[in-house]
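# Structure at a glance
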Amino acid sequence: PMLLSRQQRVLFLAVAVGRIAASYETWYVNQSLTHEAGDERWFLQRVLVNATFWSGAGAPVLFYTGNEGPIEAFYEGNGWMVEVLAPALSAVSVFAEARYYGESDPGDANRTWLTTELILADYASIVRDLFEGSPVVAFGGSYGGTLTTFFRHAYPELTVGAVASSAPVGYYDPERWPQFGVTQYSFANIVETSYAECLDAIEGAIEAIRADPAAAADAFGVCEPSGLGPTDPAQLFQYALESLPQLDYPYPVDGRPANPVAAACDALRAEGEPTRAAAHVASLALGYSLNSSCFPTLDEGPGGIPGDGPGPDAWGKQSCSQTLHAFSSDTVVRRFAFNLTQQTALCRSLYDQSPNLDALTATYGGYDLPNTTTNVLFSNGDKDPWHAGGFLPEHFAGQPSSNLFCFMRGAAHHLDLRTPNPLDPPDVTACRARAFDAIRSWLAASPPSPLGPDDAPNPTASSPSNPSNPPPPPPRGAFCARGCGVFASRR
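Attention here is on the structure that accompanies the text.

### Observations regarding helix α4 (residues 116–131)
Helix length check: α4 (16 residues) gives 22 Å between terminal C-alpha atoms against 22 Å at 1.5 Å per residue, within 8%. Extensive coverage of α4 is indicated by the burial of 13 of its 16 residues. Phi for G133, located one or two positions after α4, is positive at around 100°.

### A few points about the pattern of salt bridges
Counted by the stated rule, this structure contains 17 salt bridges. Across the pair R210 and D232 runs a salt bridge whose closest N-O atoms are separated by 2.7 Å. Placement of the pair is R210 in helix α7 (residues 199–211) and D232 in the loop between α8 (213–220) and α9 (235–243), with a sequence separation of 22 residues. Several salt bridges share partner residues, and in doing so they unite R46, E72, E97 and E103 into one network.

### Structural notes on the packing of aromatic side chains
When we look at a pair of aromatic rings, we describe it by the centre distance and by the angle of the planes. One pass over the structure, following the stated rule, counts 26 aromatic pairs. Judged by centre distance (5.0 Å) and plane angle (80°), the ring pair of F378 and F391 falls under edge-to-face. Within this pair, whereas F378 is found in strand β9 (residues 376–381), its partner F391 is found in the loop between β9 and α16 (393–396), the two being separated by 13 residues in sequence. Overall, the relative accessible area of 2% leaves F378 in the buried class. One cation-aromatic arrangement involves R418 over Y249; the distance from NZ or CZ to the ring centre is 5.1 Å.

### Regarding α9
The element α9 is extensively covered by neighbouring structure, given that 9 of its 9 residues are classed as buried. All buried positions along α9 are accounted for by Q235, L236, F237, Q238, Y239, A240, L241, E242 and S243. The inward-facing, buried residues of α9 contact α6 (186–194), α7, α8, α10 (260–269) and α11 (274–286).

### Looking at the layout of surface pockets
Taken as a whole, the largest pocket encloses approximately 1400 Å³ of empty space. When contributions to the lining of the largest pocket are tallied by element, the ones reaching two or more residues are α2 (71–76), α9, α11 and α12 (314–319). In terms of residue class, the lining of the largest pocket is built from 20 nonpolar, 12 polar and 9 charged.

### A word on the packing of α7 against α8
The interhelical angle for the contact between α7 and α8, taken along N-to-C directions, is 110°, at an axis separation of 5 Å. What the angle tells us is that α7 and α8 run roughly perpendicular. Of α8, the residues touching α7 (which contributes I209, R210 and A211) are P213, A216 and F220. Counted by class, the contact of α7 with α8 contains 5 nonpolar, no polar and 1 charged residues.

### Quick look at the state of the cysteines
Tallying each qualifying case throughout the model produces 3 disulfides. Paired by a disulfide, C198 and C265 hold their sulfur atoms 2.0 Å apart. Negative torsions about the S-S bond denote left-handed disulfides, and the value of about -50° found for C198 with C265 makes this one left-handed. In this pair, C198 is assigned in the loop between α6 and α7 and C265 in helix α10, connecting sequence segments 67 residues apart. Pair check on accessibility: C198 and C265 agree, each one buried. A sulfur-sulfur distance of 2.0 Å marks the disulfide that ties C223 to C294. Note on the C223 and C294 pair: the S-S dihedral is about 95°, so by sign convention the disulfide is right-handed. With a gap of 71 residues between them, C223 in the loop between α8 and α9 and C294 in the loop between α11 and α12 connect regions that are remote in the sequence. Residue C223 is classed as partly exposed on the basis of its relative accessible area, which comes to 40%.

What counts, and where the lines are drawn
All residue numbers here refer to positions counted from 1 along the written sequence of the relevant chain. Two thresholds apply to this predicted model, a pLDDT of at least 70 for residue-level local features and 80 or more for giving and counting side-chain atom pairs, whereas whole-chain, interface and lining totals are computed over all residues. With hydrogens and water set aside, each side-chain value is computed from the structure's full complement of heavy atoms. Here a strand is any run of E in DSSP of at least two residues, a helix any run of H or I of at least four, and the numbering for each starts at the N terminus. Here the expected length of a helix is defined as 1.5 Å per residue gap, with one fewer gap than residues. Think of it in three bands: residues with accessible area under 20% of the maximum for their type are buried, residues over 50% are exposed, and the middle band is partly exposed, with areas taken using a 1.4 Å probe on protein chains only. Here a salt bridge means any side-chain nitrogen of Lys or Arg lying within 4 Å of a carboxyl oxygen belonging to Asp or Glu. When two rings of Phe, Tyr or Trp (its six-membered ring) have centres within 6.5 Å they constitute a pair, described as stacked for plane angles under 30 degrees, edge-to-face for angles over 60, and tilted for the intermediate range. Note on criteria: charge over ring means Lys NZ or Arg CZ within 6 Å of the ring centre, with the direction from the centre no more than 35 degrees off the ring normal. Contacts: residue pairs with any heavy atoms within 4.5 Å of one another. Computed over the protein atoms alone on a 1 Å grid, cavities are sets of points where a 1.4 Å probe fits but cannot get out and pockets are open sets with protein on both sides within 12 Å along at least five of seven lines; a residue lines them when it has an atom within 4 Å of a point. Grid points are joined across faces, edges and corners, and a volume is the space filled by probe spheres set on the points. The nonpolar class holds Ala, Val, Leu, Ile, Met, Phe, Trp, Tyr, Cys and Pro. Asp, Glu, Lys and Arg form the charged class, and all remaining residues, Gly among them, are polar. Axis lines are fitted through C-alpha atoms, for helices just across the contact stretch, and the angle between N-to-C directions can take any value from 0 to 180 degrees. Comment on the angle field: the value is read as roughly parallel under 35 degrees, roughly antiparallel over 145, roughly perpendicular from 65 to 115, and oblique elsewhere. Two cysteine sulfur atoms form a disulfide, by the criterion used here, when they sit within 2.5 Å.

Any functional reading would require information beyond the geometric quantities listed.
Written out as structure tokens, the structure reads:
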């Protein structure tokens, strides 16, 4: 008989269970607006639950700390958790949506209660109220990985461990950047390195766009000339270039080809009109079709801080309080000088609020976190511009710790959380194996559940809090009274 390697067996398992694992229930959890005693204001928070493989009482909960976007997008990008770990561990997969994103909108236009602390308090409430008695492992990628790190630190009693992929926690500790080899140019320099084979072509494309903005607007398919950028018609193209290295996966994802940075360089170096080639690269990076209706002007991004910053959307509000990145760029891709005074003026005009570059480090610890938090696996990929702000092995080598550090050559943004693929770089496969072993050890060391079979939380059971024929949830953005309960609906 044909013998399969361990990796082949894992891949076979992922394919076999993939159709089943794609099914989840949508819960709408009655969540406190402020988590303050006596405050009766609540909103509905969306939670995706896949209990296909859960064995019930005392079995593990794999809890994804949702980040800045609709939660179903993060569900689709976490196949390793849903399709591999859940069946291997007889676990339930839970994806909590961050407040003010997706359908979890409290409804106030100024997003008054959008803070990292309240997002984490929401997640703590979900774990306590719905999954008490089961060991919980937290997961997150990007800002979600940052949240996972903070969640493990702030609520260590609620989790047995955490996997934080591409979590740029160090970028929020600018005072200690010199100690860890980080500068304001780190993000942009990694972006430029990604395009080492086609920098001359990029420079030529930028010059062509600036030489004829009208032709560029037609080529890019923007709805209005300002869609190319608020102050420079090359800014949309530059924004796309800065975005693509994060998505440089070794196989096709979301309509992009395998190794899309190389594909972008091929397009830019090919014979033909450079503006048309630049438009193709922008559509590749930003996920729109040049043959469909016009591309709307982005509220935030082009011309702004590399990696996104202040703006009228929810992440723009967070950048105006706790998550502003003090990034500059002095590369062929873009020239941009970070100016805190200008960013503060923008934030005050939008929200009457000033950004605090040190807020998250003051609360959670920045580069000190690996020394004050236990049982976290930190993973980063060398293709990812965010990795310079991650916790890398060389930063913490030789220090006694229960934490683990993976650096994955050939890996883009949280590639290790995606469904295993034969084209994954060896470092990604090895990091997943280390994470799986760590998770098993954390679970083995956790105390047994005090709940009996009849007491265990069961996402698939019919009950007053999870009816088999639930009423429709209240409208998005509506505050609800304590009696709203938890509604579930099958995807």
